[in-house]
Amino acid sequence: MGGCSVLEPDKIDYKTSGRGVSLEVPPDLSQLPGQSRYSMPSGSVTASGYQAGQVAAQAAGVPTASNQVADVHYVRQDGERWLRVDRPPEKLWGPVRDFWLESGFLLAIDQANMGIMETDWAENRAKIPQDFIRSTLGKVFDSLYSTGERDKFRTRMERNAQGGTDIFVTHRGMEEVYSSARKDSTVWQPRARDPELEAEFVRRMMVKLGVSQERAKAEQAAAVTAQASKPNARVVSAAGVPAVQLDEDFDRAWRRVGLALDRTGFTVEDRDRSKGIYFVRYVDPAAEKKDPGFFGRLVGRASQQLPTSQYQVAVRAQGPGSLVTVQDRAGAPANAADGQRIVQVLADELK
């Protein structure tokens, strides 16, 4: 599991539902403007320019490591996978944005200054059975067919110490289930993330960034073979407040906590790696019950803005390991109930 296999091309065919109408499901978090400390100006890179640079590098006798594909590296560690690209973020934002649009998604979040891009909820139409009725009427009544599942993907770019960019892709899923014994009504609820989908879109992104299909598959297979097990994560009490203890150094803990926040639906408004702080928003699950739901937004019914709270998720080195704590927006320990809840959510994802 976890991306050891590659999905067949005809098994993925995404189409954003609603043709432009946002089908956001709880938690319904609106986009807030980010701060500018991680400013990544918009830009693009052309295939001809990239190839010219490669030719120039070869002519200059620049060596290439055996585990590199052009300037794109497929990295896997602690059960996670990401791309490491020897280009600055401003040269990658345009191509990565085009990648998601070409894959059939709309973008719900597009914040170059924060390095965060998130698709709208979309349906994998390839999962719909292609029977006789579907093949004859589907083109006319396409909207009548549904898989009962929706997916969204978040892309996060971080500049690394070498001046290049680390690109992370995370998946979140929802499924429609019956809410009554008579099966006359349905609700949407979260479903488990799909590591194979994450792995496949990471591989496809490699191809978009200039790697051949064959080399991308080979690099992915090699990375899976070399993967290591996840370090242990457990809930502890630190100075009287709940925390997550990780048996790994700061660099690895910072990366894994960021991925855990992406996958569990937190909105990362800002981050300061030098201080080890993620600035996030959290929605109380009790408040989500007031939301009119998936189909309510589809037909245009307005929903009240959900109450949100802002928190700081702090990652600190502690000996050979790391400690993760939750603070309020002022940097003081969060109240006991919310602190315990957020810490437990993160610990469950980090295990």
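Look a little higher up for the structure.
Presented here is a report on the structure given in the accompanying data block. (Residues numbered from 1 in each chain as written. Predicted model: local features only at pLDDT ≥ 70, side-chain atom pairs only at ≥ 80, totals over all residues. Heavy atoms only, no water.)

As for the pattern of salt bridges
Taken as a whole, this structure holds 28 salt bridges when the rule is applied. Between R87 and D71 there is a salt bridge, with the nearest N and O atoms lying 2.7 Å from each other. Of this pair, R87 sits in the loop between β3 (80-85) and α2 (93-102) while D71 sits in the loop between α1 (47-59) and β2 (72-77); the two residues are 16 residues apart in sequence, bridging distant segments of the chain. Of the two residues, R87 and D71, both sit in the buried class. Here R156 and E158 are joined by a salt bridge, their closest N and O atoms 2.6 Å apart. Since its relative accessible area comes to 1%, R156 is described here as buried. Here E158 falls in the buried class, since its relative accessible area comes to 12%. The structure contains a network of salt bridges with shared partners spanning E118, K152, R154, R156, E158, D262 and R271. (Salt bridge = Lys/Arg side-chain N within 4 Å of Asp/Glu carboxyl O. Helix = DSSP H or I, 4+ residues; strand = E, 2+ residues; numbered from the N terminus. Buried < 20%, exposed > 50% of the residue type's maximum accessible area, 1.4 Å probe, protein only.)

Some remarks on the pairing of β3
Within β3, 5 of the 6 residues are buried, which leaves it mostly tucked inside the rest of the structure. Note: β2 against β3, 6 bridges, orientation antiparallel. Counted as the bridge partner of H73 is R84 from β3. Between the antiparallel neighbours β2 and β3 lie 2 residues, among them D78 with a positive phi of about 55°. Of the strand pairs in this sheet, β3 and strand β8 (residues 165-178) are connected by 3 bridges, and their pairing is antiparallel. In the strand pairing of β8, L83 is matched with I167. (Pairing = 2+ DSSP bridges.)

Description of unusual backbone geometry
Positive phi outside glycine occurs at K183, with the angle close to 55°. Following the sequence through the fold, K183 ends up in the loop between β8 and β9 (186-191). With a relative accessible area of 55%, K183 lands in the exposed category.

Here we look at the side chain of Q312
Looking at the secondary structure, you find Q312 in strand β14 (residues 308-318). Taking relative accessible area as the criterion, Q312 reaches 9% and is therefore assigned buried. Here R329 takes part through its backbone oxygen, which lies 3.0 Å from a polar atom of the side chain of Q312. Not counting chain neighbours up to four residues away, the residues in contact with Q312 comprise I277, Y278, F279, T325, V326, Q327, D328, R329, A330 and G331. (Polar contact = N/O pair within 3.5 Å; in protein donor to acceptor, adjacent residues only side chain to side chain. Contact = heavy atoms within 4.5 Å.)

Focus: the nonpolar core
Within the largest apolar cluster, 29 residues are counted, with the highest numbers of intra-cluster contacts made by L83, W100, I167, F201 and M205. A per-element tally of this core places helix α4 (residues 195-208) first, with 6 residues. Each residue touching L83, except ones within four places of it in the same chain, is listed here: V72, H73, Y74, T165, D166, I167, V202, M205, M206 and L209. Counting residues in hydrophobic clusters, the runner-up holds 27 residues, among them W254, L261, I342 and A347. (Core = buried A, V, L, I, M, F, W, Y, C linked by side-chain atoms within 4.5 Å.)

Things to note about empty space enclosed by the protein
Counted by the stated rule, this structure contains 2 cavities of 30 Å³ or more. Put simply, the second largest cavity is a space of about 30 Å³. Going through the elements one at a time, α6 (250-263) and α8 (336-350) are the ones with two or more residues in the lining of the second largest cavity. For the lining of the second largest cavity, the element with the most residues is α6, which contributes 3 residues. In terms of residue class, the lining of the second largest cavity is built from 2 nonpolar, no polar and 4 charged. (1 Å grid on protein atoms, 1.4 Å probe; cavity = no way out; pocket = protein on both sides within 12 Å on 5 of 7 lines; lining within 4 Å. Points joined across faces, edges and corners; volume = space filled by probe spheres on them. Nonpolar A, V, L, I, M, F, W, Y, C, P; charged D, E, K, R; others polar.)

Just geometry here; none of it tells us what the structure is for.
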